[in-house]
Structures are given as C-alpha cells and as structure tokens.
Protein chains: 2
Amino acid sequence: MAQAGVDAYFGVRSENARFLTGFILEDGEDRVAGNSGRFLVSGDEVVVLADTRYRLQAAAQAPGARIEAVTYDLAALWPDLMKSVGAKKVAVEAGFVSRQLWQQLAAAAPDVELVEAGGWVEAQRAIKEPAEIERIKSACAVADRALASIIRYIRPGRTERELALALEWEIRTGGAEALAFGVACLVGPNAALPHGSPGAAEVRVGQVILFDFGAMVDGYRSDMTRTFFVGSPSGRDLAVHGTVAAAQSATIERLRQALRGSQPIPSGKEADGAARAVIEAAGHGEHFGHGTGHGIGLATHESPSLSRAASEDPLPSPTVFSVEPGIYLDGETGVRIEDLVLFDTSRSDVEILTCFPRDVVVVGV
Amino acid sequence: MAQAGVDAYFGVRSENARFLTGFILEDGEDRVAGNSGRFLVSGDEVVVLADTRYRLQAAAQAPGARIEAVTYDLAALWPDLMKSVGAKKVAVEAGFVSRQLWQQLAAAAPDVELVEAGGWVEAQRAIKEPAEIERIKSACAVADRALASIIRYIRPGRTERELALALEWEIRTGGAEALAFGVACLVGPNAALPHGSPGAAEVRVGQVILFDFGAMVDGYRSDMTRTFFVGSPSGRDLAVHGTVAAAQSATIERLRQALRGSQPIPSGKEADGAARAVIEAAGHGEHFGHGTGHGIGLATHESPSLSRAASEDPLPSPTVFSVEPGIYLDGETGVRIEDLVLFDTSRSDVEILTCFPRDVVVVGV
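Residues numbered from 1 in each chain as written. Chains lettered and ligands numbered in written order. Predicted model: local features only at pLDDT ≥ 70, side-chain atom pairs only at ≥ 80, totals over all residues. Heavy atoms only, no water.

Asker: Account for the interface of chain B and chain A, naming residues and giving values.
Answerer: Across the boundary between the two partners, chain B contributes 44 residues, which contact 44 residues of chain A. With both sides pooled, the region where chain B packs onto chain A buries about 3900 Å², and carbon together with sulfur makes up 51% of that total. Area buried by chain B at its contact with chain A is led by Arg31, Arg99 and His195 of chain B, which between them contribute 19% of it. There are eight salt bridges connecting chain B and chain A. Here Glu116 of chain A ties to Arg99 of chain B by a salt bridge, and the two come within 3.1 Å at their closest N and O atoms. (Contact = heavy atoms within 4.5 Å. Buried area = accessible area lost by both parts, 1.4 Å probe. Salt bridge = Lys/Arg side-chain N within 4 Å of Asp/Glu carboxyl O.)

Asker: Any chance you could break down a nonpolar patch on the surface for me, citing the residues and the numbers?
Answerer: Residues and elements named next belong to chain A. Together, Leu238, Val360, Val362 and Val365 line one region of the surface with nonpolar side chains, adding up to about 360 Å² of accessible area. Mapped onto the elements, Leu238 comes out in helix α8 (residues 235-259). We classify Leu238 as partly exposed; its relative accessible area is 38%. (Patch = residues over 30% accessible without salt bridge, like charges linked within 9 Å, V, L, I, M, F, W, Y side chains within 5 Å. Areas by Shrake-Rupley, 256 points an atom, 1.4 Å probe, with all protein chains shown as cover. Helix = DSSP H or I, 4+ residues; strand = E, 2+ residues; numbered from the N terminus. Buried < 20%, exposed > 50% of the residue type's maximum accessible area, 1.4 Å probe, protein only.)

Asker: Go over the domain arrangement of chain A with me, naming the residues and quoting the values.
Answerer: Residue and element names in this part refer to chain A. Along its sequence, chain A is organised into domain 1 (8-125) and domain 2 (127-363). Computed over C-alpha atoms only, the centres of domain 1 and domain 2 are separated by 34 Å. Of the residues lining the interface, eight residues belong to domain 1; the matching set on domain 2 comes to 14 residues. Contact with domain 2 buries area across many residues of domain 1, yet Arg18, Asp27 and Arg125 alone supply 60% of it, more than any other trio. Joining domain 1 to domain 2, the criterion identifies three salt bridges. For Asp218, the salt bridge goes to Arg18, with nearest N and O atoms at 3.9 Å. (Domains from an automatic or database assignment.)

Asker: How would you summarise the pattern of salt bridges if you had to cite specific residues and measurements?
Answerer: Evaluated as defined, the whole model comprises 60 salt bridges over all chains. A salt bridge links Glu45 of chain A to Arg66 of chain A; its shortest N-O distance comes to 2.7 Å. Of this pair, Glu45 of chain A sits in the loop between β2 (39-42) and β3 (46-50) while Arg66 of chain A sits in strand β4 (residues 66-69), placing them 21 residues apart in sequence. Of the residues examined, Arg66 of chain A reaches a relative accessible area of 23% and is grouped as partly exposed. In this structure, Asp330 of chain A engages Arg55 of chain B in a salt bridge whose closest nitrogen and oxygen atoms are separated by 3.3 Å.

Asker: Would you mind going over the relation of the copies chain B and chain A in detail, with residue names and values included?
Answerer: Here chain B sits on chain A after a turn of 180° about the axis and a move of 0.0 Å along it, with an RMSD of 0.0 Å. This pairing of chains is accounted for by a two-fold axis. (Least-squares fit on C-alpha atoms with pLDDT ≥ 70 in both.)

Asker: Break down the sheet that holds strand β12 (residues 224-230) of chain A for me, citing the residues and quoting the values.
Answerer: Sheet strands pair via backbone hydrogen bonds, and the direction of the pair is either parallel or antiparallel. All names here are of chain A. Read from one edge of the open sheet, four strands run β8-β9-β12-β20, paired in mixed fashion. Every interior strand has two partners, whereas the edge strands, β8 (184-187) and β20 (362-363), have only one. Sheet analysis places strand β9 (residues 208-213) next to β12, joined by six bridges and oriented antiparallel. Counted as the bridge partner of Ile209 is Phe228 from β12. The sheet contacts of helix α6 (residues 130-150) involve β9 and β12, and relative to β12 the element is tilted by about 15°. (Pairing = 2+ DSSP bridges. Axes fitted to C-alpha atoms, helices over the stretch in contact; angles between N-to-C directions.)

Here it is as structure tokens:
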C-alpha cells in the first residue's frame, strides 16, 4: 500500500476477505450476502462490513476487525467509512468491484481517489504458509480416499450422475467440510468436454471414464483428475492416455530440474510449454486448448498460472499448483490427468500431494 | 434496447445468459469459466462467448446463437465483435461487469459507446411464464418431500451438519438436479444467525431447530424455512413463533386483498410493511433486520424485493417470491417461517407453492 501511495485497500473477493480478515462466506453465499464480507484495510485497522444477518458471524470470525454495519447501500456509508480510517486514496479490487459500484463510490466521496488494485492479495496468497500446505494436503488425502472407496462402484450401466453423487458423498462424509467444486464425472465422448457436467450417460465397456473433483478442508481445496478405462482399453484411448501422462511428467521433470539446480526456475509459461511440447509432438496440439495448471488454495483457481498466456517471471515459492494436461477428441474421447504439486525452492524435489495411482487403471470388470 | 437507443446488450450474469441464450453455467462454475458464457444480444443476433472448454456445450445448449471463440482476453476480441453485430452503442450489465473489464472494453473500441444497463433482463425474469412456474412448483415439491422424509431423523444429539447433509441427500436423490443453495440447519441460539452454516452443534430438547433450504429443478429454484421445536416448546419460543406466523399471514392477507380487489396491488415496500407492522407491534422490530421476501426463479434472490428499501411500484405479475419474516434474539433463539407465493393478478387468490405444514411442529420426541 505504501508503494502505491494509498491509505487503504477495499476488497470484495470472498477468498481475500477470508485470507485477510478471517470472515467466511461459503461458495455461493456471496450471491446473496450483499455488501457483507466486503472489507477495508488501512495502515492500522481492518474493517469488515456486515449487515444484520452477518453481524454475529463477523464478530466471531474476525475478532481483530472492526465490524461495521452495512445495508444494500454501500455508497451511503462510504464517506463516513473513508473518514473513519483517514483515507484519501484507496486501492480497490477493480477486477471484482462492479463498474456500477465503483461509480457510486466515486460519486459518494469525490475527495477520495480510487485507484485500481489487481492481484495484490492474490500475489500474497500464491505463496503458501506451512499451515496452508497442510490443509491442502488434508484435502488431497480426503479426495484420494473418496476415489478409492467408490472405484468398485463403477460398473457398466451406472450413470455419470450416480457416480458423481457417490464420490461427493464420500468426500463430504470423509473429512471435508465441502466440495472444492462440483464433481465432474464424464464417460466416453463426454470426456471431450473439459468442463462438462455429469448427466444421464451410462458407463460402457470400451470407453473411458473421467473424474475431476476436489475436497475442501478448513477453507483450502484440492483438485485431481483421473481418467480410467472401462474394460479393455481401446488402442486409441491407450495412446492418448500415454501421451497425456508423458506430458504431465515432462512438466514435473522440468520443475524437478529447477529444484536440483540443473535448470533455472521456470516461469508459468515455460512450465506449460514442457507439457505442451509433448502433446504437440504427438500431433494433438490443437486438442489441448486449456492451460497446463493453476495455483490452488482458498480458491480452486488462483495464481500462479501455467499456460501459454502466463507470466514469464519465475514461479513463486513455496506454492501449490495443478499439472493437468489433457487431450480432447470431439465426439470420441477425452483424457486428462491432474495432480497437485508443491513447488518449494528450499527443497530438492517437488512433492506430489495427490496420491491416487496415475497409471492405466481398468475399472468395471 | 430501442428505448435506450442502443444497438446491443452485453451480459455476464449466468442467470441472464441461461434466460436469454440457453447456455448453462452451474453455480460456482462462473468462477472458473473466464469469459465463457458471457453474451451479446443485438437486434437480430445472439452471440455466446465460449473458450475451447465450453465450445461443444455452448453449441448444444444455445443452438440459436452464434458461438464465438474467446480466451481470457476479451478486450482483444471486442472490436471485431462490435463490428460483427454493427454496434456503436452497447448496454452493459454494469452491476456485474467489473470496473477493470469495463475500462478494458472502453479502451479497446473507443468508437463504441458503453452505457450502464441495470435490471433490464432482471425485470423480464421477474414476470414468470407458466413453464417457469411449473419448474418452481416441482422444486418446491422435491423440497417438501425431502423435509418430510428426514423429520424422524431429528433427534437430540444429532448435529446440524448431519441433519443438513441428510436433507441435502434427500433433495438431490429425490428429483432435484442440485440444491438451490447450501442447506442451513441451525439449533437453539444458532438460529439467531439468519445466514449461519450448519456445524457441530447438537440438537437439544427445549430448543428450536431451523431449516432453510431449497431445490433446483431444470434451473429453477425453491426456498423454504421451517422452525421446529425439539420437545416441549419454551413459552418464549412459542410466543416468538406465533408472532412470526402472524407476520407472515399479514403479508399474505395483504396480497389476497389485492387479488380480490379490496385493496390496490401493493408495492414490495407495502408487502414488507404488513409483516413488519406485526413484528414491531410485538416489540421485536429491531430483531427483524432483513426484508420480508425476494423473488425467485433462475436465481435464489431476484426481483421483486419485499423490503423497506424496495420499489414503491406495484408488484409485477405473475411473479413468485418468498414471504419470510423472522425474529432473532442474539444468543437465545431465532424463528423464521418462509414460503413461496405465486402472485398472479389474473387469479383471485395467491397460491402458496411450499406445502409443508406451517404450524407448531414438535420433533425429536
């Protein structure tokens, strides 16, 4: 804040509120919370806004903060709020504050300058404390156990939706407070939809089945994808799986070399490139449309990004991100393998936090 | 659009995308979808943006739309997109487009004027088609059955979390594709937290237990709250329950009078006032901090609002909204009763869509 010459920071992202103040809005709750959970940080004070519904919760979860009563009309409160923290120049989460709210706040206190802040808290969140890493590991362990416990339930005729619900149930009764995100379970050609939702499609012999899922433990999330074979794998599916596995290994190997000192610390763009080169060499470059990975923590997708468009700066450390190349053949099949990796330059190897086997796994027989 | 003199409408709300284009982003998915699902409507064309992950899904769900490939960088695409629909003046969902994106789009095509659009699609969504009402009714029916099926499972010693999970399971295996929102189950003094989350607190004799929950059927949502008594109700809890029930009846009666022609169509503010007057007369005005109701449909909270700050225009019709007064005594107890009401000025009575009994219900004995 001092570098940018601002007196205060106004935030609205629920993950940033949790990180900086302790106040928790669950997934989806931000849609109905209005201004509750929005926060202000000045040089010597943290203020959490809460309407009557959230007042007691805010006081309990953010004991170090001043809880300020708010209604739907934040602009009405804004001038007094600015005076109370002595702010003349405020950084605002411009990627998340709506255009409309920005205009209202600017008009409500014309003497207070608003400046766009992008990624300030997100950059802090990318670097993980030991306690944060432990929580992500716990979430990975819950997810590993849940997948192991439903694998025998995968049988021809079961639907995507039944299997997704079974996996969700295991996660939520097996130590997680919530899912990290809705379970994806996709069979056969549906696996070519990288963000498809589970539906009525049934497991069939000779096809793949893809699970993409995660758990949440104490606010921190896991994320893992496995693509299994139902009965004997087709040659095509086996070849695609082999290419994806090799691509994932290439990125992980590139990270290892950096930790062992034989290569410089890669950027997110370089880490992506290692996996992408393998897929391109196999002739599937156009079938891998997304990035190789994303940071994870309080949000499922956060910094750092591993993609063609990612930063060219060296990766932060210690940090946790996914490595998840995929190949998607429209109308035919799809394979993605995703693991979470702890990248810590004070250590000599990466640690893979998701432990379920990455090999060719045949199910339903 | 013609009234406002704009050539096109640019939207980012997932509910509006579903309403206008058919493209579905599930709850939470908008956090990771990037620009996918954002849309543009011109006089003669609908355009849905989709990155590679969502391309096939968009084509299937929005067959009448042109699917336009997009990356994380919408501004790069914006000038060509504007040219393709011949737009010179575009209405933008300013309450949902971030300040940052607005600035980027304005800079990318300086010859295209952006104007703030607020509530245009939301006003259309408030007025429900018969098929929309049927879906909300179906969601209410699933929720009613689910509550009935877990009521015998409520026993002293069970935790809020166990009961919330049991209710969720019944909803999701009983005909709903998803929850409308996370189930609230709150016991005793926790019921004074109008948006609290279920935790480790146990059901105890002599306390209340509050459930606030909803189902989703084909995208449309239900919302219901019941506050039960575990064992013999205390005099205090019974009195509070009676006041809340009378307040709910007062708003419903006011709506009935309008449909029978003995009163004008109330505004959302007047409909709120009817319930609020009862609670204030009982000395609990300060213990009822939220509004009396909200519209519901593709979103859990949408127009119209029934609250002190609501519009003074007559309520729209036909529309569906909740009537949900509550009284919250910090550290002691809380009671809320919530039902969904169909308000249709072509009919002579309101229809209450949530059917579970509203009376004093004693459980756990």
